[in-house]
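Understanding the architecture of this molecule
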Amino acid sequence: MNALVAWLEKFFLPLASKIGGQKHLIALRDAFIGTLPATMAGSVAVMLNAILRDLPPQFIDGYDGTTIPVIKQIITINGYVWNGTLAIAGLIFVFSWGYNIAKAYGVNELSGGIVSTAASIAGITFSFTGGIKLKGLNLDPATIEAINKAGWAATPKEITATGWGWLPLNNLDANFFFTAMIIGFIATMIYVKLMLKDITIKLPDSVPPAISKAFASIIPATAALYVVAIFYWLFSLMVPDMTFLQWMQKTIAEPLLGLSQGFGAVVLTALFVQLFWFFGIHGPNVLAPILESVFGVAQLQNVNLFQKGGADLVISEGYNWVRGSFDAYAWFGGSGGTLVLILAILLFSKRKDYLTVGKLSVGPGIFNINEPIMFGLPIVLNPIMFIPFLLAPVVSVSIGYFATIWGLVNPVSQQVVWVTPPFLMSFLATGGDWRAPIVTLVAMVVSFLIWVPFVMAANKMDPSLGEEAEK
Amino acid sequence: MIEISSAAYQDKIIELLNNLNKDGIQFSYKEKKGINLYFETNAGDLEKASSLAKSAIKNQPWGSVLYFRVSPVK
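Procedures and definitions
- Residues numbered from 1 in each chain as written.
- Chains lettered and ligands numbered in written order.
- Predicted model: local features only at pLDDT ≥ 70, side-chain atom pairs only at ≥ 80, totals over all residues.
- Heavy atoms only, no water.
- Domains from an automatic or database assignment.
- Contact = heavy atoms within 4.5 Å.
- Buried area = accessible area lost by both parts, 1.4 Å probe.
- Salt bridge = Lys/Arg side-chain N within 4 Å of Asp/Glu carboxyl O.
- Polar contact = N/O pair within 3.5 Å; in protein donor to acceptor, adjacent residues only side chain to side chain.
- Helix = DSSP H or I, 4+ residues; strand = E, 2+ residues; numbered from the N terminus.
- Nonpolar A, V, L, I, M, F, W, Y, C, P; charged D, E, K, R; others polar.
- Buried < 20%, exposed > 50% of the residue type's maximum accessible area, 1.4 Å probe, protein only.
- Pairing = 2+ DSSP bridges.
- pLDDT = per-residue confidence, 0-100.
- Phe/Tyr/Trp six-rings, centres within 6.5 Å; stacked < 30°, edge-to-face > 60°.
- Lys NZ or Arg CZ within 6 Å of the ring centre and 35° of its normal.

Brief notes about the domain arrangement of chain A
By a widely used convention, the size of an interface equals the accessible area lost when the partners come together. Partitioning chain A into domains gives domain 1 (35-84), domain 2 (127-164) and domain 3 (264-470). A C-alpha centroid distance of 36 Å is found between domain 1 of chain A and domain 2 of chain A.

Structure (structure tokens):
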């Protein structure tokens with residue numbers, strides 16, 4: 001094991017450290033984390049609506065929350081919270097993204113956030129088009145004239161509505177993330193580089209810092225926004241029928257999110273997280289670019305779909321596997337599904353050291369905190385725990401994955417705080433689907449059966465093995 | 001004394017803490033048991049010493065991805 005660790009330290013850990021320490025990837029991770037106050041508040045609003053509006057009809061015939069005065073008002077209030085959070089999650093992210101890039105380079109963070117937001121918004125269409133074309137529609141000339149005068153276009157058979165001055169919500173929610181990641185990055189980097197080259201307006205020292213900081217950002221920010229604007233203009237000449245955001249959605253975001261939905265991608269992600277943990281590396285930190293920017297974005301799409309049309313819309317248009325699915329079906333008790341390991345230890349271990357650690361780990365384990373058992377047992381670098389620690393979550397993920405795609409349980413559509421105890425976690429995460437805790441239970445039972453033989457095998461090992469003190 | 005549980009970069013952790021001197025708090029490597037490293041410290045407040053050691057490790061280029069635990073040993 002020592003030779004393996006030495007090899008890992010020489011070849012693998014520097015690479016993991018490079019990925020995990022790469023300043024742009026850290027900024028991306030922190031940008032996602034930075035949106036949490038808004039996305040969690042929005043998720044609470046959606047979840048409250050799920051509990052008050054969407055869950056009761058499953059159990060009470062004829063229930064309609066929107067007809068009960070108090071509940072109707074609470075649903076309306078939750079709607080306001082959603083408007084300011086998840087409905088514009090992409091917009092919140094793009095500011096956080098620019099802010100964190102600027103912070104990574106030690107330049108004015110506020111201006112970084114503003115440049116990133118302005119540059120990304122610049123490419124969004126401000127107009128809308130809609131229309132009615134009904135069989136049997138036959139408008140009289142006076143109506144047609146009135147509609148045309150109002151600025152829309154009408155013929156006897158068709159009405160085309162157009163307008164300008166609108167920011168479409170579906171351009172500012174989770175759909176906005178990939179465009180924001182690219183445009184926000186390019187614009188902020190131009191701004192950052194010019195700031196670092198000191199191409200700025202300098203004011204006398206007597207000017208208050210807030211004013212001189214803002215003035216210093218003017219040239220870099222203007223240059224960044226003009227570069228992006230010229231890009232949008234060239235893009236509109238080459239692809240006249242689409243905005244850059246629409247093009248990004250079609251050619252990059254949707255295929256990438258689609259790829260993430262394959263069984264192989266889901267299992268590989270789960271496997272790599274476990275591998276990193278086992279070798280003492282913070283798996284979700286290293287894999288944050290995938291977990292947050294792919295599975296996390298898919299989750300936000302599902303939360304918004306749930307708000308618009310409940311679980312049915314998520315099933316028909318949403319993603320089957322999202323960031324929270326790992327927590328709901330595989331990481332009960334923490335990464336590795338260690339809650340069932342604790343149970344296996346308490347039932348089958350004869351080792352005093354295991355039993356002591358097991359008892360101490362129950363409380364934190366219920367809330368998905370597993371440091372006591374990861375380091376106390378330990379699991380990290382413990383050869384006997386290698387196979388179950390990798391295998392159990394992969395099997396659990398598979399159970400959750402197939403249960404979801406076979407329609408046995410609703411996809412995860414709510415953002416739930418990771419310290420929520422397991423069964424409650426999957427129940428809430430699926431918008432109150434009572435079948436979800438059963439799927440979690442099945443995954444737990446199977447994981448338990450995977451862990452038990454290894455716990456029993458550990459009974460036969462010398463507890464002091466590998467523990468000799470080295471000066 | 002404080003205990004640092006880490007599977008990786010143990011040598012770097014020892015070197016870092018042996019040379020750390022912040023707010024008068026110093027550490028001296030004592031022994032290693034499996035993945036656990038033990039350090040003597042002159043700090044009266046072991047919680048403060050643990051938190052100092054933790055942030056010192058996290059601030060290293062190799063420390064940001066490390067999965068480790070620092071706890072006081074009373």
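What to know about the interface of chain B and chain A
Facing 20 residues of chain B, the contacting portion of chain A comprises 30 residues. Together chain B and chain A conceal approximately 2,000 Å² of surface at their shared face, both sides included; 59% is due to carbon and sulfur atoms. Broken down residue by residue, the surface that chain B buries against chain A is led by Tyr9, Val65 and Tyr67 of chain B, which jointly contribute 39%. On the surface where chain B and chain A come into contact, there are 0 salt bridges. For the interface between chain B and chain A, the tally reads 1 residue pair in polar contact (both at pLDDT 80 or more). Breaking the side of chain B that touches chain A down by element, the ones donating at least two residues are strand 3 (25-33) and strand 5 (68-72) of chain B. Here the element with the most residues in the side of chain B that touches chain A is strand 3 of chain B; it accounts for 5 residues. Looking at side-chain class alone, the side of chain B that touches chain A contains 11 nonpolar, 4 polar and 5 charged residues.

Side note on the pattern of salt bridges
Residues and elements named next belong to chain A. Scanning all chains against the criterion turns up 8 salt bridges over all chains. Note that Asp30 is salt-bridged to Arg29, the shortest N-O span being 3.3 Å. Assessed through its relative accessible area of 17%, Arg29 is described here as buried. Here Asp327 makes a salt bridge to Arg323, at a shortest N to O gap of 3.4 Å.

Comments concerning the environment of Thr338 of chain A
Residue and element names in this part refer to chain A. Relative to the elements of secondary structure, Thr338 occurs in helix 16 (residues 338-348). Considered as a pair, Thr338 and Gln58 are 280 residues apart in the sequence and their alpha carbons are 33 Å apart. Leaving out residues up to four positions away in the same chain, Thr338 has contacts with Phe332, Gly333, Asn370, Ile373, Ile379 and Phe389.

Let's talk about the pairing of strand 3 of chain B
All names here are of chain B. Both strand 2 (residues 21-22) and strand 3 contribute to a ladder of 2 bridges, which runs antiparallel. Looking at strand 3, one finds that Asn21 is bridged to Gln26. Where strand 2 folds back on strand 3, the antiparallel hairpin that results is connected by 2 residues, among which Asp23 adopts a positive phi of roughly 50 degrees. The turn joining strand 3 and strand 4 (residues 36-41), which pair antiparallel and follow one another in sequence, is formed by 2 residues; a positive phi near 60 degrees is taken by Gly34.

Observations regarding the confidence of the model for chain A
Here chain A averages 89 in pLDDT, and 97% of its residues register 70 or above. Across residues 466-471 of chain A, where pLDDT falls below 50, the model places 13 contacts with residues more than four positions away in sequence or in other chains.

Topic: the packing of aromatic side chains
Scanning all chains against the criterion turns up 33 aromatic pairs over all chains. Between the aromatic rings of Phe402 of chain A and Trp406 of chain A, the centroid separation amounts to 5.2 Å while the plane-to-plane angle is 35 degrees, which identifies the pairing as tilted. Here the aromatic residues Phe263, Phe295, Trp321, Phe326, Tyr329, Trp331, Tyr401, Phe402 and Trp406 of chain A are joined through ring pairs into a cluster of three or more. Directly above the ring of Tyr38 of chain B sits Lys33 of chain B, whose terminal nitrogen or CZ lies 5.9 Å from the centroid.

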